[in-house]
Amino acid sequence: MKKVLLGTSAIALAGAFAAPASAAEWDVRVGGYMEQHVVYGSSDSPTGTDFDGVDVQSDTEIFFLPSITLDNGIKIGANIQLEGNTGGDQIDESYLFIRGSFGEVNLGSENSAGYKMGYSAPDVSFYGLNSGSTTAIIPSNTGAGFFRATLGSTFLENAANNDAQRITYYSPRFAGFQVGVSYARDAGQDNSARADCDAAGTTCDYFDIGANYVNSFGGFDVAVSGRYGIATTAGPGATDPEVFGFGLNLGFGGFTIGGSWGEQNGTAANDGTAYDVGVSYETGPWGVSFTYFRGENHDNTNPLALNAAGTASANDETFDQFMLAVDYKLAKGVRLGAYGGYLDFDEEFGTANDVDAFFIGTGIRIGF
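A brief look at the structure comes next.

Quick notes on the rules
Residues numbered from 1 in each chain as written. Predicted model: local features only at pLDDT ≥ 70, side-chain atom pairs only at ≥ 80, totals over all residues. Heavy atoms only, no water. Helix = DSSP H or I, 4+ residues; strand = E, 2+ residues; numbered from the N terminus. Buried < 20%, exposed > 50% of the residue type's maximum accessible area, 1.4 Å probe, protein only. Polar contact = N/O pair within 3.5 Å; in protein donor to acceptor, adjacent residues only side chain to side chain. Contact = heavy atoms within 4.5 Å. Core = buried A, V, L, I, M, F, W, Y, C linked by side-chain atoms within 4.5 Å. Phe/Tyr/Trp six-rings, centres within 6.5 Å; stacked < 30°, edge-to-face > 60°.

**What about the side chain of Gln-321?**
Then, in step 1: Position of Gln-321 among the secondary structure elements: in strand E14 (residues 317-331).
Then, in step 2: For Gln-321, a relative accessible area of 0% puts it in the buried group.
Then, in step 3: Engagement of the side chain of Gln-321 in a polar contact is seen with the side chain of Thr-134, the distance being 2.3 Å.
Then, in step 4: Setting aside anything within four residues of it in sequence, one finds Gln-321 in contact with Leu-129, Thr-134, Thr-291, Tyr-292, Phe-293, Tyr-342 and Leu-343.

Following this line, the structure appears as structure tokens:
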């Protein structure tokens, strides 16, 4: 697969730069979005660590989008995303793209093809039940991962290698079908550091493949996606992490039903499965949806161990969430939303960190 991916990318690059010098001018655009939420959450746990009250949640990114179109029609550009609310990763995704009749090549810090090509349960909220975002309202005490991992989402990145430095190729869409393949040497993000791939326990050589099919038949809409990813972990007895997933959306007359499923294996502490199902209805500027998500984590390093207190010392956990959401498009790029939901976090052994909670909120999103 590696030779095919690199060979295809080389052909695309050769086509881009083989043309004579172009007199085209650069088009530099600035875009992005801002979300502001006012949310009330109330939780209950055996430890008494409860989170009750009103909070303001924010999510903001600014996109810098320079591009130039050559005389032969090939478009070259970049996508640089500046985080507006972060305590760590200041630049989210940052990659160069080359786009033409051959498809598209991405180079840089970006999610994998399998991640980006997926579909999940319809959700008109911009909070996103299938994202792990609700843990910002009601924190859950766990050693397992929610972000890009099975406790929080079906949109997985293998061994949580989010936005690694990678090369990705997307084919043109043909008769509704499109395929994408990605390769990342290691999980490094936004830097040129090189991991020692021969060191025991180090995971490298992330391969991902994704595909989807999108079409309409007399007002009946279909969107199907599938993906697979594998990487290599060095060291005696080490397991190679893998991810699988699929998604389906069916739409007719404003209604959409669908769901998705994801599985992570080979990471020891963060293996698991996740799925979501939901239904939405949209008419004019209005939209409403009801979505259910379930995530499971299985700590294969010591799945049945209990500590001296009789509570779980391993990360065998489940996370169930329900959300009803209403969305209204006030103007181009301006959305108002309201939502309410319930979540239940359970440890398989013991109850020390179990959480039951509900939340209700409203928000505004501007995209430009």
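**A word on the environment of Gly-247**
Then, in step 1: If you trace the backbone, Gly-247 turns up in strand E10 (residues 242-252).
Then, in step 2: When the C-alpha positions of Gly-247 and Gly-258 are compared, they lie 7.5 Å apart, and in sequence the two are eleven residues distant.
Then, in step 3: If we ignore the near neighbours within four places in the chain, the residues touching Gly-247 are Tyr-119, Ala-223, Val-224, Ser-225, Gly-259 and Ser-260.

**Quick look at the nonpolar core**
Then, in step 1: If you look at the biggest cluster of nonpolar residues, it comprises 19 residues, and the most contacted ones within it are Tyr-339, Leu-343 and Phe-359.
Then, in step 2: Those elements giving two or more residues to this core turn out to be E14, strand E15 (334-347) and strand E16 (355-367).
Then, in step 3: Ignoring anything within four residues of it in the chain, the contact list for Tyr-339 reads His-37, Val-39, Tyr-127, Met-323, Leu-324, Ala-325, Phe-359, Ile-360, Gly-361 and Thr-362.

**Examining the packing of aromatic side chains**
Then, in step 1: The full count for this structure, using the stated rule, is 17 aromatic pairs.
Then, in step 2: Taking 4.5 Å as the distance between ring centres and 40° as the angle between the ring planes, the aromatic pair formed by Phe-177 and Tyr-213 counts as tilted. Pair noted here: Phe-177 is in strand E7 (residues 177-184) and Tyr-213 is in strand E8 (residues 203-217), with a separation of 36 residues, a long-range link.
Then, in step 3: With 6.4 Å between their ring centres and 25° between their planes, Phe-290 and Phe-322 make a pair best called stacked.

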